[in-house]
Amino acid sequence: MTGWNNGKFIRKGYKMPPKRSSQASSAKSKEQSSLKAGAQIIVDTLIEQGVETMFGYLGGVVLPLFDRLYDAPINFIIPRHEQGGCHMADAYARASGRVGVIVVTSGPGACNLVTGLATAMMDSVPLVALTGQVRTELIGNDAFQEADTTGITRPVTKHNCIVKDVKDLARTIREAFYIASTGRKGPVLVDLPVDVQVAKYQTDDSKELNLPGYRPWTKGHARQISSAARAINASERPVLYVGGGVISAEASAELRALADKAHLPVAMTLMGLGAFDQHRDESLDMLGMHGSAYANYAVQECDLLVAIGARFDDRVTGKLKAFAPQAKIVHIDIDPSSISKNVHVDIPVVGDAKEILIALVNEVEYKERADWFRKIAQWKKKFPFKYDKDSGSIKPQYVIEEIYKQTKGDAIITTGVGQNQMWSAQFYKFSRPRQFLSSGGLGTMGYGLPAAIGAQVARPKELVIDIDGDHSFNMTMTELATAVQYKLPIKVCIINNGYMGMVRQWQELFYGKRYSCSYLQNPNYEDVAKALGAAGITVDKKADVPKAVKQMLAEKKPCVVDFRVEREENVWPMVPAGASLNEMDGLDIMESIA
Ligand SMILES: Cc1ncc(C[n+]2csc(CCOP(=O)(O)OP(=O)(O)O)c2C)c(N)n1
Ligand SMILES: [Mg+2]
């Protein structure tokens, strides 16, 4: 049978239907045998698009499609909830650079995708979602399990549509892949009424797309690139501000070439982490609300800010009016609608980051900028990310440092949302793209575990660790059963502070410590893990942390470690909402720590 067995994917022989010309001799039977059901057309088009792995969940109106998938050479992963499946497909895409594919049923199945689609949309992740729909004649009748899927998902997809005629099926699916994976990438949803999956159509071999209004621009304007190069060559205090677009464009090598050749410091957004090796001297690590003081000071004092594949999100800029006040701004981005959306841009360059960087590198010159780098070194020395190493309790940052140490910085890390996410960004140092997978734009609690599963499916040989919050984990922990079923040896490190920690931090700082509703009683995670067939470890003593990490790494099964950390630890530094980047709280606390 087709499916996973003992950690291996067993394929039942799948044959692409023979070409029309080689079929039966009489004209009539020739025509007859080249008729394909819509569901088969979908599967054949997916294979033509190079799909090897899909995620999805059953339901009545996708049964024709699932029947055709039964024999298809496609690895199929069934989550326990469609949201989980969507995050898996999303992380599969982030970890591999390919398009993630999710297929679900109509009504509740499609509705359960909304959070996953919005997560992918905000982080520009290429996804194709196929949703079953009730028969075309029933649409609008409040039929059983009918939901207006295209209406509901329009704001959370880059593009969506419904196929009402089987003759449009193959082309629409091809278009979905093209739109998802070009320009500013994103999720595309195709709604598939069940009668269209059953209807037969004489397929043609044409691969033509019909997208007259969609022309993603990739080549940067040569004059704009030259202006950007001149601005870089003239600047005394430049900073590169790098976002997820650099990873998406596979432009890390070109970014490094630019930073090396022109001698430029590099600050990254949460989404940009991994685009530039954080072990290099030029790295300023993450900037923004919980970014490094040295990145934030550098941005506030720079004379030139070169944004690449980043969108001036409020978590990065702080108070807009006071953002990078002395800087001329260059913005390289594939999405023209991002240019000057939040911040006035002096030199926009629209196009593909990789192509633009290749051209830019040719035109820049090396400059010493000794004063600027000296100043940065001083900030780095004075304000490193810090926590109290002498504390008797388990500090969350210590757990993450220990994971970093024992994995030699080489694991793929996924996260929940909140303090766990920020500490992971601060204390795990990333060296390569697609190594850090986190919900940046939407900030979706529950992303970490399904994301680890999707990443492990994409990268079976790599070590994948979800550093999660207790309450983030609570949201999708049912997916542990999925990891167990498919024998995916993911690790989950729960930074268990009992609280919705980041919310508690805000309540402590801005609501007079009135911890309204931010504490929940947690289950015993070791028991939960074991009940679901995974390994489970509980750690409540600081001295046991290294041993537990070691045990976790040696475990062949999916493994959950419940780190009972200090409950009221805060993430520092912190730019309070609405303050400017250099108005960071917590620097005094960091400085007072030995
Ligand atoms: C689905 C969802 N609901 C609510 C929030 C708002 N929120 C942001 S962080 C946070 C607390 C997260 O708690 P936990 O996962 O335990 O992480 P911690 O901050 O304690 O590390 C909440 C409720 C969110 N980001 N996502
Ligand atoms: Mg928590």
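Residues numbered from 1 in each chain as written. Chains lettered and ligands numbered in written order. Predicted model: local features only at pLDDT ≥ 70, side-chain atom pairs only at ≥ 80, totals over all residues. Heavy atoms only, no water.

Trainee: Is there a simple way to explain the overall build of the protein chain in this structure?
Mentor: Counting its secondary structure elements, the protein chain contains 25 helices and 22 strands. Expected size for 594 residues packed as a compact globule is a radius of gyration near 25 Å; at 25 Å, the protein chain falls within 12% of this value. Projected onto its principal axes, the C-alpha positions of the protein chain cover 85 × 60 × 40 Å. Out of the 594 residues in the protein chain, the part that is buried amounts to 58%. Summing over all exposed atoms, the protein chain offers an accessible surface of approximately 24,000 Å²; the carbon and sulfur share of this is 52%. One finds the centroid of the 70 positive side-chain charges in the protein chain at a distance of 4 Å from the centroid of its 66 negative side-chain charges. (Helix = DSSP H or I, 4+ residues; strand = E, 2+ residues; numbered from the N terminus. Rg over C-alpha atoms; globule rule 2.2 N^0.38 Å. Buried < 20%, exposed > 50% of the residue type's maximum accessible area, 1.4 Å probe, protein only. Areas by Shrake-Rupley, 256 points an atom, 1.4 Å probe, with all protein chains shown as cover. Lys, Arg positive; Asp, Glu negative; His and termini not counted. Charge placed at Lys NZ, Arg CZ, Asp CG, Glu CD.)

Trainee: Honestly, the pairing of strand E20 (residues 491-496) in this entry has me stumped. Any pointers?
Mentor: Of all six residues that make up E20, six are buried, and the element is covered over most of its length. Note that strand E19 (residues 464-469) and E20 share five bridges and pair parallel. In the sheet register, Ile465 faces E20, and the bridge partner there is Lys491. Relative to strand E22 (residues 559-564), E20 is paired through six bridges, and the arrangement is parallel. Bridge pairing in E22 places Val492 opposite Val560. (Pairing = 2+ DSSP bridges.)

Trainee: I keep staring at helix H2 (residues 38-48) and nothing clicks. Help me out?
Mentor: Along an α-helix, residues three or four apart share an orientation, since each turn contains 3.6 residues. Burial runs high along H2: nine of the 11 residues are buried. Taken residue by residue, H2 has Gly38, Ala39, Gln40, Ile41, Ile42, Val43, Asp44, Thr45 and Leu46 as its buried positions. Once H2 finishes, Gly50 follows within two positions and takes phi at roughly 85 degrees, a positive value.

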